[in-house]
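# Working through the structure, step by step
The primary structure of each chain is shown beneath.
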Amino acid sequence: MNRQILLTSLLLLTLFGGLGLVLPEWVIFLMALALAKGLVVLSVVLLMRAGLVSFGQGLFYAAAAYAVGFAINRWGIGEATVLLAIGVMASIALAALIGVVIARYREIFFGMLSLAFSMAFYGVLVKAYDVTGGSDGMGIAPPTIFGLVIPPERLRLTVYYLVLICVAIMLYLIYRYIQSPLGTLIRAIRDNEVRVAYLGGSVHRAIYLTYVLAAGLGGLGGVLVAINVGHVDPELAYWTTSGEFVFVALLGGTGSVFAPLVGAIAYELVKSYAFKFSPYTWQMTLGILMLGIIFLLPGGLWSLGQRLRRRQV
Amino acid sequence: MFTLPLIILADGLVFASWLFLISLGLTLIYGVLRILNIAHGSLYALGAYTGAALIIAYFDGDKWWPPGSFVVLLGAALLVGLVAGPLIERGVLRRMYGRDPAVQLIVTYALFLILEDGIKLGFGVDPYYAYKPFGLLGKVQLAGVSYPYYYLLLLIVAILAGGLLWVLINRTRFGRLVVAVIHDPEISTALGINLPVIYVVTFTLGATLAALGGAFTAPMIAVVPGIAVEVIVLAFAVVVIGGLGSPEGAALGALIVGLVRAAAVHLIPELELFTIYLVMTVVLLIRPQGLFPQVEVRRI
Amino acid sequence: MTAVLQVENLTMHFGMITAAEGENVVVNRGEFVGIVGPNGAGKTTFLNLVTGYLKPEAGRIRFMGQDIVGLHPNQVTALGVGRSFQIPQLFTSLTVLENVLIARSTATGSSGDFWHALRQNSRIEEARALLAQFGLEAQADRPASELPEGGRKLLDIALAFALKPKLLLMDEPTSGVSVEDKFEVMDRLVKVLEESQVTAMFVEHDMEVVRRYAKRVLVINGGRIIADGQPEAILSNPEIRRAVAGWG
């Protein structure tokens, strides 16, 4: 199984890399956006494996994006790799703090607390106009990538490849996590928390660690989106953004590490076409599509390819 | 010296009644159907739009007796509730019972998306102004601030809604069945309670309450697309504070949030947007299941 | 003789119900103690109190000489107390093998590891050996949810056992198991326990099982320990049989 996944990954990486060279710019932009958001969706899935639905990944998504905004605009840091590190560290630091409180809760209370923190952050972003630019947000100038200044005509493609590299690395890390004792313990916690306690396991610690990990992942997605779009605004922390991530997580299904990414790409493509098709009813189109998938494909989109083997990641 | 506390109390009560009205239906539906209805905000919006549209038509030409507009608002709520309620419950939700709660949540989210655009299609994107009922009852001076009597009406509507629901739950046979279902759906079925009927009636009731909140809010605001989005998250917070499925909890939660927010607005304005989340976090730290949680079953 | 468990004046009420009242008992190393009594007498509550799931109103509980009142179940378990449940508490979406792997992982303190693989050859071998002791090695790769009732009970006990506990507490190890399988399950269980010299207590309703396997019997009624001694003597005592109605 190990070799199969490795081969598939390399194949996909080559495929996506190659596609970057032939597809039009707007598609590359969309793909980069989708893959970056896919990382945040993956973070939602990580928490779902514990039985927790986070309606507040937007918090880390936004926190990392704004950290990058500050770094570029106020501290003059213009190198992409450094910005990535800053963004991820910002979200991890935030999660390390919040996790102490939130990791004690389950089900809807976890969901609501995560939402509360995200909405509180949204409030801060809107109110602190002088610092954050308020509802207008901040612009993000194109950074240097590995020290190189990228000419404008190559920027989209380069950012796309940056996203691909990050996604590849994260997929590998998450894969290892899933195979690890912690990764399996999380599923055990979802199945039976009492039993985990009666095995001497620390449920709180496992959830805390996973929460922080998910935050880092969400933050990475936020940084990549900020760089790709060139702009950050408070909407990143609004509950509808977080809701979208949850939505896509269920759309893609939870059967594999690739599932959230597949779901994210499908979602962005459909959203884009739905918007082009009818700008005033794209939400309705999405909603109807979602209902269709839920009624006809209980395993999400991913189950289309997994019909024969029911596998849980 | 008493003016500020009085103002805070008055403001707090007004906001509390509004919060209570918008969350009562949500907590009822959760308690019975165990579904967190994200489309709740959309039902509120439908109530607001329908109310506003009917009010505008009602006052067109000055033909009708103005105070009758309040009945019109009530009628709008009933219209939305009695139509959308059974349609949603029977058409969509019924197929989702027994599925993973996360999937049920997504279904209501999908419904919310559909209704968001549906409302735009049906009512257009321009604001609806239905101010007439708001000024109808005149104003009163309280500690130097003028409060429209409409706020008092809102408070009365909230108390009536809560009171009638209480009577329904505690003094009628239907109410007893509902309580049984809230405490244990499985045993209720075993006892022969007709679950599908309870579900559709309860959902319709919850939808009507949501629409009621929207209808009576319409004269106070500009009814625009997007009001659903704000209401959903506020209603959820109040429901969580009060304890899922507890109308009394929603009342107390709404009161606490209302008063704290009013205090914040007048004392520390920067905190205004945060108050509800602050209250929720504090309450959950002290009582992890909310103010009046439902029964917990011993697992081992 | 070394005392593994010392319970002194254990008391717990749930409103009007007396779940435990002044319970005193000392269990020494290597003992195999049966706990009997009518329904609602407080047998499971006893286990819940000892393992920290409930906090007693009064009394002391000492495990290997250490005071454990106020500790949470995961802390009590980490000290060396394993427990199985009336309704088997398993990880239903994991395979039987994974259930044991997780148990071993928490026991060895590696459950926080998020980099190395859980399924390592040495660990898998160890887990399979454990499953073999309980007769479950054939089902190792099936989801735990697919096990028959007897298998679920055995897996539940195996998980507790995987921790290499000093004290094993079992709540009705044969309930729900068919009559034909009961003695097989107990035979296997007793053999495993004797091989590793684990001290064990088990709640049981089936008097035949108690008579055959227990070396000592505690009778709990209304939260009180009304008898403590040899199975034969206790089970044939008419007063006790009367006090605990429902015994044939």
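Residues numbered from 1 in each chain as written. Chains lettered and ligands numbered in written order. Predicted model: local features only at pLDDT ≥ 70, side-chain atom pairs only at ≥ 80, totals over all residues.

A separate point is the overall build of chain C. Tallying secondary structure elements over chain C gives nine helices and 10 strands in all. At 18 Å, chain C has a C-alpha radius of gyration in line with the 18 Å of a compact globule built from 248 residues. On the principal axes, the C-alpha backbone points of chain C span a range of 55 × 40 × 35 Å. For chain C, buried positions account for 46% of its 248 residues. In chain C, 67% of the contacts between residues at least 6 apart in sequence involve partners at least 24 apart. (Helix = DSSP H or I, 4+ residues; strand = E, 2+ residues; numbered from the N terminus. Rg over C-alpha atoms; globule rule 2.2 N^0.38 Å. Buried ≥ 20, exposed ≤ 12 C-beta atoms within 10 Å, placed from the backbone. Contact = placed C-beta atoms within 7 Å.)

Scanning chain A from N- to C-terminus turns up 13 helices and two strands. Taking 2.2 N^0.38 as the reference for a compact globule, 313 residues should give roughly 20 Å; the C-alpha atoms of chain A span a radius of gyration of 19 Å, in line with that estimate. Long-range contacts, defined here as pairs at least 24 residues apart, represent 79% of the contacts in chain A between residues at least 6 apart.

All names here are of chain C. Pairing of strand β3 (residues 32-36) with strand β9 (residues 216-221) involves four bridges; the strand directions are parallel. Directly across from V33, in β9, lies its bridge partner R216. Judged from the five bridges that link them, β9 and strand β10 (residues 224-229) form a sheet pairing that is antiparallel. The partner of V217 across the bridge, within β10, is G229. In textbook terms, the turn of a hairpin is the stretch between consecutive antiparallel strands, and for β9 and β10 this stretch comprises two residues, one of which, G222, has a positive phi near 60°. (Pairing = 2+ DSSP bridges.)

Attention now moves to the sheet that holds β3 of chain C. Residues and elements named next belong to chain C. Read from one edge of the open sheet, six strands run β6-β7-β8-β3-β9-β10, paired in mixed fashion. Strands with a single pairing partner mark the edges of an open sheet, and in this sheet they are β6 (81-84) and β10. Here the strands of the sheet are splayed against their neighbours by 15° on average, with no regard to which way each runs. Relative to strand β8 (residues 199-203), strand β7 (residues 167-171) runs parallel, the two being bridged by five bridges. Following the sheet pairing, M170 is matched in β8 by F202. Packed onto the sheet, helix α5 (residues 149-162) meets β6 and β7 and runs at close to 170° relative to β6. (Axes fitted to C-alpha atoms, helices over the stretch in contact; angles between N-to-C directions.)

The subject of this paragraph is the sheet that holds strand β4 (residues 58-63) of chain C. Residue and element names in this part refer to chain C. Pairing within the open sheet is antiparallel, and its four strands lie in the order β2-β1-β4-β5. This sheet does not close on itself; its edge strands, each paired only once, are β2 (17-28) and β5 (66-67). Across eight bridges, the pairing between strand β1 (residues 3-14) and β2 is antiparallel. Paired with F14 across the two strands is I17, which belongs to β2. Of the strands in this sheet, β1, β2 and β4 touch helix α1 (residues 43-50), which is tilted by about 65° from β2.

We now examine the domain arrangement of chain C. You can read the domains of chain C as domain 1 (3-90 + 165-243) and domain 2 (91-146). Here domain 1 of chain C and domain 2 of chain C have C-alpha centroids that lie 27 Å from each other. (Domains from an automatic or database assignment.)

The next subject is the pairing of β3 of chain C. Residue and element names in this part refer to chain C. Counting buried residues along β3, four of its five residues qualify, which places the element largely inside the surrounding structure. Bridge count between β3 and β8: four bridges; the pairing is parallel. Across the sheet, residue I35 finds its bridge partner in β8, namely V203.

Size of an interface: often given as the accessible area lost when the parts come together. At the junction of the two partners, chain A supplies 24 residues and chain C supplies 29 residues. Every element with two or more residues in the side of chain A that touches chain C is listed here: α7 (152-179), α8 (181-191), α9 (193-197) and α10 (203-229) of chain A. Take the side of chain A that touches chain C: its biggest share by element is eight residues, from α8 of chain A. Grouping the amino acids of the side of chain A that touches chain C by side-chain chemistry returns 10 nonpolar, nine polar and five charged. (Nonpolar A, V, L, I, M, F, W, Y, C, P; charged D, E, K, R; others polar.)

Quick look at the domain arrangement of chain A now. Residue and element names in this part refer to chain A. Under the domain assignment used here, chain A contains domain 1 (40-237) and domain 2 (253-313). One C-alpha centre belongs to domain 1, the other to domain 2, and the line joining them spans 22 Å. With nine residues of domain 1 at the contact, the number on the domain 2 side is seven residues. Within the residue set of the side of domain 1 that touches domain 2, elements represented by two or more residues are α2 (25-48) and α7. No other element matches the five residues that α7 contributes to the side of domain 1 that touches domain 2. A class-by-class count of the residues in the side of domain 1 that touches domain 2 yields nine nonpolar, no polar and no charged.

Here the focus is α2 of chain A. In a regular helix each residue adds 1.5 Å, so 24 residues correspond to 34 Å; α2 of chain A covers 34 Å between its end C-alpha atoms and thus fits that length. The element α2 of chain A is largely enclosed, with a buried count of 19 among its 24 residues. (Expected span 1.5 Å × (residues − 1).)

Residues and elements named next belong to chain B. Checked against the element boundaries, G245 lands in the loop between α10 (227-242) and α11 (247-267). Expressed as a C-alpha distance, the spacing of G245 and L46, which sit 199 residues apart in the sequence, is 23 Å. For G245, the contacting residues outside a window of four places in its chain are T27, Y30, G31, I182 and Q294.

Here we come to the packing of helix α2 (residues 40-58) of chain B against helix α9 (residues 195-217) of chain B. Residue and element names in this part refer to chain B. Running from N to C, α2 and α9 point in directions that differ by 45°, and their axes come no closer than 6 Å. Judged on the interaxial angle alone, α9 and α2 are oblique. Read as a crossing pair, α2 and α9 show a hand that is right-handed. Contacts between α2 and α9 involve H40, L43, Y44, A45, L46, G47, A48, T50 and G51 on the former and, on the latter, A207, A210, A211, L212, G213, G214, A215 and T217. Among the residues forming the contact of α2 with α9, the class breakdown is 10 nonpolar, seven polar and no charged. (Parallel < 35°, antiparallel > 145°, perpendicular 65-115°, else oblique. Left-handed = near helix turned anticlockwise from the far one by under 90°.)

This part is about the interface of chain B and chain A. Taken together, the 32 residues of chain B in the interface contact 29 residues of chain A. If you list the elements that add at least two residues to the side of chain B that touches chain A, you get α4 (101-123), α10 and α12 (275-286) of chain B. Residue composition of the side of chain B that touches chain A, by class: 24 nonpolar, two polar and six charged.

Here we come to the confidence of the model for chain C. When pLDDT is averaged along chain C, the result is 90, and 97% of the positions lie at 70 or above. Interface confidence in the predicted complex, given as ipTM, is 0.91; pTM for the same model is 0.86. (pLDDT = per-residue confidence, 0-100.)

Here we take up the nonpolar core. A65 and V68 of chain A, A237 and M280 of chain B together with A158 of chain C are the most contacted members of the largest nonpolar core, which has 293 residues in total. Contacts of A158 of chain C, omitting those with residues within four sequence positions, involve V100, L130, L131, F134 and L136 of chain C. (Core = buried A, V, L, I, M, F, W, Y, C linked by C-beta atoms within 7 Å.)

Residue and element names in this part refer to chain B. Taking 1.5 Å as the rise per residue, helix α1 (residues 3-33) with 31 residues should run 45 Å; its terminal C-alpha atoms sit 45 Å apart, in good agreement. Of all bends in α1, the biggest is about 35°, found at S23. For α1, the tally of buried residues reaches 24 of 31 residues, placing the bulk of the element in the interior. Of the residues one or two after α1, R34 is the one with positive phi, at around 55°. (Bend = angle between axes of the 7 residues up to and from the residue.)

Turning our attention to the environment of P225 of chain B. Residues and elements named next belong to chain B. Mapping P225 onto the fold places it in the loop between β4 (222-223) and α10. For P225 and F274, which are 49 residues apart along the polypeptide, the C-alpha to C-alpha distance reads 23 Å. Other than its neighbours up to four places away in sequence, P225 contacts I119, K120 and V125.

Next up on the list: the confidence of the model for chain A. Low-confidence regions, as indicated by low pLDDT, have predicted coordinates that should not be scrutinised in detail. Residues and elements named next belong to chain A. Summary statistics for chain A give a mean pLDDT of 88 and a share of 95% for residues scoring 70 or more. Ranking the helices and strands of chain A by mean pLDDT puts α10 first, with 96, and helix α13 (residues 282-296) last, with 84. Here residues 305-313 is a poorly scored stretch, pLDDT under 50, and it has 11 contacts once near neighbours within four places are set aside; other chains count.

This part covers unusual backbone geometry. Positioned with a positive phi, R34 of chain B is a non-glycine residue whose angle comes to about 55°. The backbone of N9 of chain C shows a phi angle near 50°, a positive value even though the residue is not glycine. For N9 of chain C, a count of 13 C-beta atoms within 10 Å corresponds to the partly exposed category.

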